[in-house]
There are 2 protein chains.
Amino acid sequence: MKASDIREAFKLTERGDIISFAGGFPSPDTFPVDEVAPIAHFVAASQGALSLQYGPTEGLYELRELIATRMRAQGIACSPEEVLITNGSQQALDLIGKILLNPGDTVFAEQPAYIGGLSAFDHYEVKFKGIPIDDNGLDVDRLAAYLEANSAKSPEEAETPKLCYIVPNFQNPTGVTLSADRRRKLVELATTYGFCIAEDNPYGELRFEGSPKPHVKTFDTRGAVLYLGSFSKTLFPGFRIGYVIGPEAVIQKLAIAKQGTDLCSNSFGQKLIIECARRGLLDAHLQGIVDVYRAKRDLMLGSLGEHFPAEVQWTYPEGGFFVWVTLPPGMNAKSLLPHAVAEERVAYVSGGAFFTDGTGSNTIRLAFSQASDDEIVEGIRRLGRFLKSRLGRPEPAARTSGGGAKGADLVSATCELEQ
Amino acid sequence: MKASDIREAFKLTERGDIISFAGGFPSPDTFPVDEVAPIAHFVAASQGALSLQYGPTEGLYELRELIATRMRAQGIACSPEEVLITNGSQQALDLIGKILLNPGDTVFAEQPAYIGGLSAFDHYEVKFKGIPIDDNGLDVDRLAAYLEANSAKSPEEAETPKLCYIVPNFQNPTGVTLSADRRRKLVELATTYGFCIAEDNPYGELRFEGSPKPHVKTFDTRGAVLYLGSFSKTLFPGFRIGYVIGPEAVIQKLAIAKQGTDLCSNSFGQKLIIECARRGLLDAHLQGIVDVYRAKRDLMLGSLGEHFPAEVQWTYPEGGFFVWVTLPPGMNAKSLLPHAVAEERVAYVSGGAFFTDGTGSNTIRLAFSQASDDEIVEGIRRLGRFLKSRLGRPEPAARTSGGGAKGADLVSATCELEQ
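Within every chain, residues take consecutive numbers counted from 1 along the sequence as written. Here every chain gets a letter starting at A, and every ligand a number starting at 1, in the order they are written. Given that this is a predicted model, residues contribute local features only at a pLDDT of at least 70 and side-chain atom pairs are listed and counted only at 80 or more, while totals for whole chains, interfaces and linings are drawn from all residues. Excluded from the side-chain calculations are hydrogens and water; all other atoms, namely the structure's heavy atoms, are used.

### Topic: the sheet that holds strand β14 (residues 363-367) of chain A
Residues and elements named next belong to chain A. Applied cut-off: Any two strands between which DSSP finds at least two bridges are classified as paired. To qualify as a helix, a DSSP run of H or I must reach at least 4 residues; to qualify as a strand, a run of E must reach at least 2; elements of each kind are numbered from the N terminus.
Read from one edge to the other, the open sheet built from 4 strands follows the order β10-β11-β14-β13, with strand pairing classed as antiparallel. Both outer strands of the open sheet, β10 (313-314) and β13 (349-350), are each paired with one neighbouring strand and no more. Of the strand pairs in this sheet, strand β11 (residues 322-326) and β14 are connected by 5 bridges, and their pairing is antiparallel. Each bridged residue has a counterpart across the sheet, and for Thr326 the counterpart in β14 is Thr363.

This is how it looks when you write it as structure tokens:
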């Protein structure tokens, strides 16, 4: 097993005085420890017989009810029986692979896509078909053209499209959001061509401005969409509580797969989140962190405008954790990274890792979620200076033959990148 | 997907006034809520930046160190790098299947075996080869004979033995313990024939009497044994913290599989267990619950002797949660169960579910871990009266065609049975 280049890059940043925009964790400064500590005490002292015990594989019914109620308010008609609690939404991705995917099946993914999603499905030996994204998210017309051409092929030659994996809001890694019109069209395509959609929405509630788009699942009348949510970004990740919403029959299959996988998710975390909600902390906290992350985004976008060279482009995320940077063609973000670390003590994730086809070598993912305000200003100033120094200079040779992230590479990059 | 008969039986017991020996959960009365509540407060208030954050896929290093130190004291030479934290040991079983097993591989299992282990491996489309057990655990000579015969076959006809799955101490479901001599021989067979051993030991520290047997892994010089442990029985299951110990190269592969599966286990539970250990609660609690469960076992064994008919046999567990009952040949525990519930308001798990070959229809698993002292005495009295009333009576027809637990049946039984 070879360590990925990304893992190596992270090792570089473990030395002191490096400003890193690589890790996409939530900021620990946002964790409401003063409120959570007495709740944790209460959950252990008053509910120990349940909170310290095994729970149902499907999750505690009260939490499934709470999630169903919240999602109904967001337009997703669902009952508690249509909700399965998982170890973060990452586990939902794995379980979907387990019950749905066979070797050789085709999985549509955004190009670029969240690496953790790709690595979950990659285990099931599928073929990835990357669909490009633009400022309005996945290019659904391109997907439609592909599907039409594929359906015209002979049964022997045609691919078997089984799943489309998308992060529709403030996507990881690009920060872009799928337009409402494309959401509707995507569900129509799923219905017409008989594939499922995994709508992975960890960042959706972290919207800084504008109106929320309707969830993809709100257009779904046939049970083609599995909606994945998580408390990891909106509250904190320390209990690994995520969920998946789908038709009851599918949830039952996922629950059976989960039973063999780990019996049940931790009861304590489920009880704690229920109690956080009961005390109003869930909503109050969300309002607070939206302001925190909006300010960080504004700081990063302002700094990019001030310090980055004119030849470089970047996205404008309306929420979430990430900005996506495109360097001029021919620049190689991966081979530049060690130099950026050595010369300017600043780190990022080179974007090529998020592509399944070997492209994207001139792209960069910047996370604004973890760095302090001062670090954002200073780090972007340094990175801008570094990029200016490299523009038009002969490119140092990439250390590997390039190519997109696959297999072990994909997987070993997941941990450091997170959702 | 059809609901298993076991699930149906559990539904019966959801009505009031039923005394159930079916569920193998730890007793919530043993949970040290008064000690845990301030620790939970401390872990959130003082360590929130880590305890509420994502953690490394491999688990927190401090917990891996703690486990390695404890296991070295039990004779297993291991470093923290040879420990992977999992969501209960159930997840370790799934991950072992994921990296090790291919469709058609042969997995040796005790006959009868823990259903959760069978269901974890069943997903990987293996063949199970059941090896009978007696009062000294797995019949290793039978396994040796099988392996010798298999190795004499042509490559086309020979099976591919890949894994032997055992619960060596106070086995679920039978309560028996593998003798030291057989442990040594089993490792020799694994080395000779090139298969792995999954040594699943959730109950080992719950020994009521006698000396602990050396762990199977202590005989292992070639890295053939993966040792699985858990805090679910020795402390409480509410955080789903288990672990697997093996060669560092295997642990790295398991970690990569875990990354794609759920990124990491919950940090809060890991931090809480570290703090429980630092305050001495881990050892103090263990001493206390051994006394509790010993008393429950003694009560059950005494009641069995007093109330059960002479034609019925049972095991003598030196630890753990379970007693295994064998009825006279021809009696069918599964078809009797609804009658026991209806007539005497008492429930058990019919043992056939733990067999992969359709045998064991005259066996019963009784858990003494969850029932109160009064319930144990009264429940065994009722069950004895019921069995006496049925001895020599024509057997009511079984409602299904029999056969061992397989596929969906296996899996849907897991949750209720637990480890």
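Picking up where we left off.
### What about the interface of chain A and chain B?
Which entries qualify depends on this criterion: Note on contacts: a residue pair is in contact if any heavy atoms of the two residues lie within 4.5 Å. Put simply, buried area is how much 1.4 Å-probe accessible surface two parts lose in total, over both of them, once they are put together. For this document, the term salt bridge refers to a Lys or Arg side-chain nitrogen within 4 Å of an Asp or Glu carboxyl oxygen. Each polar contact in these results corresponds to two N or O atoms within 3.5 Å; when the atoms are within protein, one needs to be able to donate a hydrogen and the other to accept it, and residues that are neighboring in sequence are counted only if both atoms are side-chain atoms.
On the side of chain B, 58 residues touch chain A, which itself brings 57 residues to the contact. Buried surface at the junction of chain A and chain B, summed over both partners, amounts to about 5,000 Å²; 67% is from carbon and sulfur atoms. Ionic pairing is found between Lys98(A) and Asp94(B), a salt bridge with its closest N-O pair at 2.8 Å. In this structure, the connection of chain A to chain B is made through 20 residue pairs in polar contact (both at pLDDT 80 or more). Counting only elements with at least two residues in the side of chain A that touches chain B, the list comes to α2 (33-51), α4 (88-100), α5 (115-122), α8 (248-262), α9 (267-278) and α13 (407-417) of chain A.

### Some words on the environment of Pro328(A)
Residue and element names in this part refer to chain A. Heads up, the condition is: Between buried and exposed lies partly exposed: a residue is buried under 20% and exposed over 50% of the maximum accessible area for its type, with that area taken using a 1.4 Å probe on protein chains only.
Summarising the element assignment, Pro328 is placed in the loop between β11 and α11 (333-344). On the basis of relative accessibility, which here comes to 16%, the residue Pro328 falls in the buried class. Separated by 298 residues in the primary sequence, Pro328 and Thr30 place their C-alpha atoms 36 Å from one another. With sequence-adjacent residues up to four places away left out, Pro328 is seen in contact with Glu311, Val312, Asn362 and Leu391.

### Digging into the pairing of strand β8 (residues 225-230) of chain B
All names here are of chain B. Burial analysis of β8 places 6 of its 6 residues in the buried class, the great majority of the element. Summarising the sheet, β8 and strand β9 (residues 241-245) pair through 4 bridges and their orientation is antiparallel. Of the residues in β9, the one forming a bridge with Ser230 is Gly242.

### Quick look at the nonpolar core
Threshold: Definition of nonpolar core: a set of buried residues of the types Ala, Val, Leu, Ile, Met, Phe, Trp, Tyr and Cys, connected through side-chain atoms within 4.5 Å.
Core analysis: the largest hydrophobic core is formed by 72 residues, its most contacted members being Phe21(A), Phe121(A), Met300(A), Leu327(A), Tyr348(A) and Leu366(A). With 7 residues, the single largest contributor to this core is helix α10 (residues 281-307) of chain A. With residues up to four places along the chain from it excluded, the contact list for Phe121(A) reads Leu93(A), Ile96(A), Gly97(A), Leu101(A), Val107(A), Val126(A), Phe128(A), Leu163(A) and Tyr165(A). Judged by nonpolar contacts, the second largest core, of 71 residues, contains Cys264(A), Leu206(B), Leu286(B) and Ala333(B).

### Some words on unusual backbone geometry
All names here are of chain A. Residue Pro112 is reached from Gln111 by a cis peptide bond, and omega for that bond is 5 degrees. Looking at the secondary structure, you find Pro112 in the loop between β3 (106-111) and α5. Unlike most non-glycine residues, Leu263 shows phi in positive territory, near 65 degrees. Looking at the secondary structure, you find Leu263 in the loop between α8 and α9. A positive phi angle, near 55 degrees, is found at Arg345, a position not held by glycine.

### Considerations on empty space enclosed by the protein
Residues and elements named next belong to chain A. Using the following cut-off: Buriedness of a pocket was judged along seven lines, with at least five required to meet protein on both sides within 12 Å; pockets are open sets of points on a 1 Å grid over the protein atoms alone, cavities are sets where a 1.4 Å probe fits but cannot get out, and lining residues have an atom within 4 Å of a point. Grid points are joined across faces, edges and corners, and a volume is the space filled by probe spheres set on the points. In this classification, the charged set is Asp, Glu, Lys and Arg, the nonpolar set is Ala, Val, Leu, Ile, Met, Phe, Trp, Tyr, Cys and Pro, and all remaining amino acids, among them Gly, are polar.
Overall, the coordinates contain 9 cavities of 30 Å³ or more when judged by the stated rule. Its volume calculated, the largest cavity comes out at about 90 Å³. Every residue along the wall of the largest cavity is listed here: Arg70, Met71, Gln74, Glu205, Ser230, Phe231, Thr234, Tyr243, Leu282 and Leu286. For the lining of the largest cavity, the secondary-structure elements that each account for two or more residues are α3 (61-73) and α10. Tallied by class, residues from the lining of the largest cavity come to 5 nonpolar, 3 polar and 2 charged.

### Here's the deal with the sheet that holds strand β7 (residues 196-200) of chain A
Residue and element names in this part refer to chain A. Here is the rule we go by: Between the N-to-C directions of two axes lies an angle of 0 to 180 degrees, each axis being a line fitted to C-alpha atoms and, for a helix, fitted only over the stretch in contact.
The strand order β2-β9-β8-β7-β6-β3-β4-β5 describes an open sheet built from 8 strands, whose pairing is mixed. The outermost strands of the open sheet, each flanked by one partner alone, are β2 (83-87) and β5 (137-138). Note: strand β6 (residues 161-166) against β7, 4 bridges, orientation parallel. When the bridges of β7 are listed, Leu163 appears paired with Cys196. The strands touched by α8 are β2, β8 (225-230) and β9 (241-245); relative to β2, the strand with the most contacts, the crossing angle is about 30 degrees.

### Notes on the pattern of salt bridges
Within this structure, the stated rule accounts for 48 salt bridges over all chains. A single network of salt bridges, built from pairs that share partners, joins Asp141(A), Asp181(A), Arg184(A), Lys185(A) and Glu188(A).

### Looking at the confidence of the model for chain A
Residues and elements named next belong to chain A. Note the threshold: A residue's pLDDT is simply how confident the predictor is in it, with values from 0 to 100.
Summing up the model confidence of chain A, the mean pLDDT is 92 and the portion of residues at 70 or higher is 90%. Under a pLDDT of 50 for its full length, residues 398-419 has, in the predicted model, 74 contacts with residues more than four places off or in other chains. Interface confidence in the predicted complex, given as ipTM, is 0.92; pTM for the same model is 0.93.

### What about the relation of the copies chain A and chain B?
For clarity, the cut-off: Alignment of the copies relies on least squares applied to C-alpha atoms, considering only residues that score at least 70 for pLDDT in both.
When chain A is fitted to chain B, the residual RMSD is 0.0 Å, and the transformation amounts to a turn of 180 degrees plus an axial shift of 0.0 Å. The symmetry that links the two subunits is that of a two-fold axis. Taken together, the interface assignments show that 100% of the residues at the interface of chain A recur at the interface of chain B, consistent with an identical surface on both copies.

### Focus: α9(A)
Residue and element names in this part refer to chain A. Note the threshold: How far a helix is expected to stretch is found by multiplying one less than its residue total by 1.5 Å.
Along its 12 residues, α9 runs 16 Å from first to last C-alpha, staying within 8% of the 16 Å computed at 1.5 Å per residue. All buried positions along α9 are accounted for by Ser267, Phe268, Gly269, Gln270, Lys271, Leu272, Ile273, Ile274, Glu275 and Cys276. Immediately downstream of α9, the backbone of Gly280 shows phi near 80 degrees, a positive value.

### Concerning the environment of Phe368(B)
Structurally, the position occupied by Phe368(B) is in the loop between β14 (363-367) and α12 (373-390). Look past the residues within four positions of Phe368(B) in its chain and what remains in contact with it is Phe208(B), Tyr293(B), Lys296(B), Arg297(B), Met300(B), Pro317(B), Gly319(B), Gly320(B), Phe321(B), Phe322(B), Val323(B) and Ile376(B).

### Structural notes on the side chain of Asn201(A)
As for its position among the elements, Asn201(A) is in the loop between β7 and β8. Only 2.9 Å separates the side chain of Asn201(A) from the side chain of Asn169(A), close enough to count as a polar contact.

### Description of the state of the cysteines
Here is the rule: Counting rule for disulfides: a pair of cysteine sulfur atoms within 2.5 Å.
Applying the stated criterion across every chain yields a total of 0 disulfides over all chains. Here Cys78(A) is not disulfide-linked; the sulfur of Cys196(A) is the nearest cysteine sulfur, at 17 Å. Distance from the sulfur of Cys164(B), which forms no disulfide, to the nearest cysteine sulfur (Cys196(B)) is 11 Å.

### Description of the pairing of strand β2 (residues 83-87) of chain B
Residues and elements named next belong to chain B. With 5 of its 5 residues buried, β2 lies for the most part within the structure. Taking every second residue as pointing to the same face, both faces of β2 are buried, with Val83, Ile85 and Asn87 on one and Leu84 and Thr86 on the other. Note: β2 against β9, 5 bridges, orientation antiparallel. Opposite Val83, over in β9, you have Ile245 as the bridge partner.

### Quick notes on the packing of aromatic side chains
Where we set the bar: By convention, a stacked pair of Phe, Tyr or Trp rings (six-membered ring in the case of Trp) has centres within 6.5 Å and planes under 30 degrees apart, an edge-to-face pair has planes over 60 apart, and any other such pair is tilted.
Taken as a whole and assessed by the stated rule, the structure comprises 35 aromatic pairs over all chains. For the ring pair Phe268(A) and Phe239(B), a centre distance of 4.7 Å and an interplane angle of 35 degrees mean the geometry is tilted. A residue pair is termed interchain when its members come from two chains, as with Phe268(A) in helix α9 and Phe239(B) in the loop between β8 and β9. Its relative accessible area of 1% is what places Phe239(B) among the buried residues. With 5.6 Å between their ring centres and 70 degrees between their planes, Phe108(B) and Phe195(B) make a pair best called edge-to-face.

### Quick word on the packing of helix α4 (residues 88-100) of chain B against helix α5 (residues 115-122) of chain B
Residue and element names in this part refer to chain B. Put simply, the test is: Here the angle decides the label: under 35 degrees means roughly parallel, over 145 means roughly antiparallel, 65 to 115 means roughly perpendicular, and every other value means oblique. A crossing counts as left-handed when the near helix is turned anticlockwise from the far one by less than a right angle, and as right-handed when that turn is clockwise.
Relative to each other, α4 and α5 sit at 30 degrees, their axes nearing to 8 Å. Of the possible angle classes, the one that applies to α4 and α5 is roughly parallel. Seen from above, α4 lies across α5 with right-handed handedness. Each of Gln90, Leu93, Asp94, Ile96 and Gly97 in α4 lies in contact with α5, whose residues at this interface are Gly116, Gly117, Ser119, Ala120 and Phe121.

### Some details on α3(A)
Residues and elements named next belong to chain A. Over its 13 residues, α3 runs 18 Å from end to end, which matches the ideal 18 Å to within 8%, given 1.5 Å per residue. Of all the positions in α3, only Leu63, Arg64, Leu66, Ile67, Ala68 and Met71 are classed as buried. Gly75 occupies a position one or two residues after α3 and carries a positive phi of about 95 degrees.

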